[in-house]
Amino acid sequence: MHFSWCTVNVNNLEESLKFYQDIAGLPLVRRFFAGPDQEIAFLGSDDTKLELICRKDTKAVEFGKDISIGFMTESLEDFMKKLKEKNIPIAAGPISPEPSTRFLFVKDPNGLTVQFSEHITP
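Not measured: the values here are computed from a predicted model.

**Student:** When you look at the overall build of the chain in this model, what are you seeing that I'm missing?
**Tutor:** Counting its regular elements, the chain contains two helices and eight strands. Listed N to C, the secondary structure of the chain is β-α-β-β-β-β-α-β-β-β in terms of helices and strands. The C-alpha radius of gyration of the chain comes to 15 Å, within 12% of the 14 Å expected for a compact globule of 122 residues. On the principal axes, the C-alpha backbone points of the chain span a range of 50 × 35 × 25 Å. Each of the 122 residues in the chain was classed as buried or not, and the buried ones make up 39%. Of the contacts made within the chain by residues no fewer than 6 positions apart, 49% connect residues no fewer than 24 positions apart. Summed over all atoms, the accessible surface of the chain reaches about 7700 Å², with 53% contributed by carbon and sulfur. In the chain, the 14 positive side-chain charges and the 18 negative ones have mean positions that sit 4 Å from each other.

Structure, rendered in C-alpha cells:
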C-alpha cells in the first residue's frame, strides 16, 4: 500500500490551480466536471497526486489550524525570491530545526497552510 492522493476542497479552482502549478510546480494531470455543480482537478507526478475539488454551492472552505501539506524545494533562498516576485507572503519561517533542514510556511488561496522544505546535504 502507498499514499496516493490528498483532497483539498477549494473556493476557486482557477486560483488554486494557479497557486499549485506556479508556486508548487505541480503539473495538471486531469481536470473534469463531476456533475453540473462540481469540478475536480488532479495535479502532481508519479504516484502521489493533489486533488482539488470545487463545488458551486460551497461558500467557503475551512481547514484546521493543525493541518498542512508539504513540498520539497531544492533551494529555499531561490524559492523565497519566487514568493516575493509573486507577492505571496511567508506565514512563518524560515525555520531550521536541525542543521540539514530548513522550511517555511505560506497560505494557499483557501487558507490551507503549505510547507516548503529544503534538505541540505553536508
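**Student:** So what exactly am I meant to see when it comes to the sheet that holds strand β7 (residues 101-107) here?
**Tutor:** Strands belonging to one sheet form pairs held by backbone hydrogen bonds; the direction of such a pair is parallel or antiparallel. Spatially, the four strands line up as an open sheet ordered β5-β8-β7-β6, and their pairing is mixed. The sheet terminates laterally at β5 (68-72) and β6 (92-98), the two strands that pair on one side only. If you compare each strand with its neighbour and ignore which way they point, the axes differ by 25° on average. Of the pairings in the sheet, the one linking β6 to β7 comprises three bridges and is antiparallel in character. Directly across from I95, in β7, lies its bridge partner F103. Sitting on the sheet, helix α1 (residues 13-23) touches β5, β7 and β8 (113-119), and the angle it makes with β8 is about 5°.

**Student:** What is the right way to look at the nonpolar core in this model?
**Tutor:** Considering soluble globular proteins, one finds that nonpolar side chains tend to be buried as a cluster. Among the nonpolar cores identified, the biggest contains 26 residues, and Y20, L52, F71, L104, V106, V114 and F116 are the most heavily contacted of them. Per-element accounting of this core gives the leading share, five residues, to α1. Setting aside chain neighbours within four positions, we find L52 in contact with V8, V10, L13, S16, L17, Y20, E39, I40, A41 and L43.

**Student:** I'm lost on the state of the cysteines in this one. Help?
**Tutor:** Here a disulfide denotes one covalent bond, and it connects the sulfur atoms of two cysteines. The full count for this structure, using the stated rule, is zero disulfides. Not engaged in a disulfide, the cysteine C6 finds its nearest cysteine sulfur in C54; these two sulfurs lie 16 Å apart.

**Student:** Is there a simple way to explain the packing of aromatic side chains in this structure?
**Tutor:** Between two aromatic rings, the relevant description is the distance of the centres plus the angle of the planes. Summed over the entire model, instances satisfying the criterion amount to six aromatic pairs. Plain terms: the ring middles of F19 and Y20 are 4.8 Å apart, the flat faces sit at 85° to each other, and that makes the pair edge-to-face. Take F19 and Y20: they sit in the same class, and that class is buried. Summarising the aromatic geometry, the rings of F103 and F105 are spaced 5.5 Å apart at their centres and angled 80° between planes, so their arrangement reads as edge-to-face.

**Student:** Got a minute to help me understand the side chain of T113 in this structure?
**Tutor:** Within the secondary structure layout, T113 lies in strand β8. Separated by 2.8 Å, the side chains of T113 and K107 make a polar contact.

Cut-offs used in this document
- Residues numbered from 1 in each chain as written.
- Predicted model: local features only at pLDDT ≥ 70, side-chain atom pairs only at ≥ 80, totals over all residues.
- Heavy atoms only, no water.
- Helix = DSSP H or I, 4+ residues; strand = E, 2+ residues; numbered from the N terminus.
- Rg over C-alpha atoms; globule rule 2.2 N^0.38 Å.
- Buried < 20%, exposed > 50% of the residue type's maximum accessible area, 1.4 Å probe, protein only.
- Contact = heavy atoms within 4.5 Å.
- Areas by Shrake-Rupley, 256 points an atom, 1.4 Å probe, with all protein chains shown as cover.
- Lys, Arg positive; Asp, Glu negative; His and termini not counted.
- Charge placed at Lys NZ, Arg CZ, Asp CG, Glu CD.
- Pairing = 2+ DSSP bridges.
- Axes fitted to C-alpha atoms, helices over the stretch in contact; angles between N-to-C directions.
- Core = buried A, V, L, I, M, F, W, Y, C linked by side-chain atoms within 4.5 Å.
- Disulfide = S-S within 2.5 Å.
- Phe/Tyr/Trp six-rings, centres within 6.5 Å; stacked < 30°, edge-to-face > 60°.
- Polar contact = N/O pair within 3.5 Å; in protein donor to acceptor, adjacent residues only side chain to side chain.

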